[in-house]
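# Residue-level structural notes
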Amino acid sequence: MFRKAIMQHLVQSIGTVSSPYTQKFGIPRQPQLVAQARICITLNAEFSADCVRGLDGFEYIWVQFLFHDAVQEGWSEMVRPPRLGGKKKMGVFATRSPHRPNHLGLSLLPLERVEIVNGQVRIWCSGGDLLDGTPVLDIKPYIPFVEAKPDARAGFVQGAPELLKVVWQAAAQQCGLDAETQLLIESSIAQDPRPAYQNLPERVYGMEIAGWNVHFRIVDKTAYIEGCAPCKS
Ligand code: SAM
């Protein structure tokens, strides 16, 4: 709750995200970092094909959503962006942290296709940074001539993060993954999902992704995938 209640607005989700990321650990920290992270937004039944007429003419869409799995964790005035190694605090409004007053998220995603299946609207995008089940609050087209500012100052966020090298150990290579899932897993781990500045080479990390439980260790700048097995649920 905010200290001062000024105004309250009731918003309702318009749809829900299906994502290969079924837990928060391992989700890319921004959209488009892992192209293979394909998501589908299914609109609620009340939103017909008319609501998306013309959308497929755009290459990118803005997706506004609720960080629903952070709501119970509350918010902070200052947060520690992973970009600063978790060592320095920044004002919440200077960051993309999920721990913000209204827990609202915003991702710019490449639009792959809009599909109508039995009257239900499905919007497919690549490069998602969203948890499975994320409630979507709004969708808008991206308009490059007003919104693209490639030379703008970007505060403490300088360029794309450094990637880890990823090595598949023999056991992990033999678990029967198709090439696309393998690339999704590999590209997600290459983002270095560890909490900022955690350096525990002996620690085995587990990540749930695309229906697989994947285990890996990180030593220096290399991730070693040790095994993967289908998720039980
Ligand atoms: N691009 C968005 C933005 O700027 O608002 C999200 C950036 S935020 C730093 C991305 C992280 O939010 C992901 O790495 C994941 O840990 C977390 N996340 C994604 N979907 C979430 C959800 N529905 N609830 C809580 N956390 C979520």
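A brief structural summary. (Residues numbered from 1 in each chain as written. Predicted model: local features only at pLDDT ≥ 70, side-chain atom pairs only at ≥ 80, totals over all residues. Heavy atoms only, no water.)

## Looking at the side chain of Gln191
Relative to the assigned elements, Gln191 resides in the loop between helix H3 (179-190) and strand S10 (205-209). From its side chain, Gln191 meets the backbone oxygen of Leu33 in a polar contact 3.3 Å long. Other than its neighbours up to four places away in sequence, Gln191 contacts Arg29, Leu33, Val34, Pro161 and Leu163. (Helix = DSSP H or I, 4+ residues; strand = E, 2+ residues; numbered from the N terminus. Polar contact = N/O pair within 3.5 Å; in protein donor to acceptor, adjacent residues only side chain to side chain. Contact = heavy atoms within 4.5 Å.)

## Points about the pattern of salt bridges
Counting across every chain of the model gives eight salt bridges. With its nearest N and O atoms 3.0 Å apart, the salt bridge here joins Arg38 to Glu112. Note that Arg38 is positioned in the loop between strand S1 (15-18) and strand S2 (39-43) and Glu112 in strand S6 (residues 104-117), a separation of 74 residues in sequence. For Arg38, a relative accessible area of 32% corresponds to the partly exposed category. In this structure, Arg113 engages Glu115 in a salt bridge whose closest nitrogen and oxygen atoms are separated by 3.2 Å. For Arg113, a relative accessible area of 40% translates into the label partly exposed. (Salt bridge = Lys/Arg side-chain N within 4 Å of Asp/Glu carboxyl O. Buried < 20%, exposed > 50% of the residue type's maximum accessible area, 1.4 Å probe, protein only.)

## What to know about the site of the ligand
Inspection of the region around the ligand gives 21 residues, with His68, Arg96, Leu106, Asp129 and Thr134 positioned closest. Asp69 places a polar main-chain atom, nitrogen or oxygen, 3.0 Å from a nitrogen atom of the ligand. For the ligand, an oxygen atom lies 2.6 Å from a polar atom in the side chain of Arg96. Only strand S3 (60-66) and S6 provide two or more residues apiece to the shell around the ligand. For the shell around the ligand, the element with the highest residue contribution is S6, accounting for three residues. Across the shell around the ligand, the residue classes tally to eleven nonpolar, five polar and five charged. (Near = heavy atom within 4 Å. Nonpolar A, V, L, I, M, F, W, Y, C, P; charged D, E, K, R; others polar.)

## Points about the sheet that holds S3
Strand pairing in a sheet takes place through backbone hydrogen bonds and is either antiparallel or parallel in direction. Judged by pairing direction, the barrel is antiparallel, and its six strands sit side by side in the order S1-S2-S7-S6-S3-S8 before closing back on the first. Across the sheet, the mean angle separating the axes of adjacent strands is 45° when strand polarity is ignored. When S6 meets strand S7 (residues 120-125), the two strands line up antiparallel, connected through six bridges. Pairing of Val114 across the sheet is with Ile123, part of S7. (Pairing = 2+ DSSP bridges. Axes fitted to C-alpha atoms, helices over the stretch in contact; angles between N-to-C directions.)

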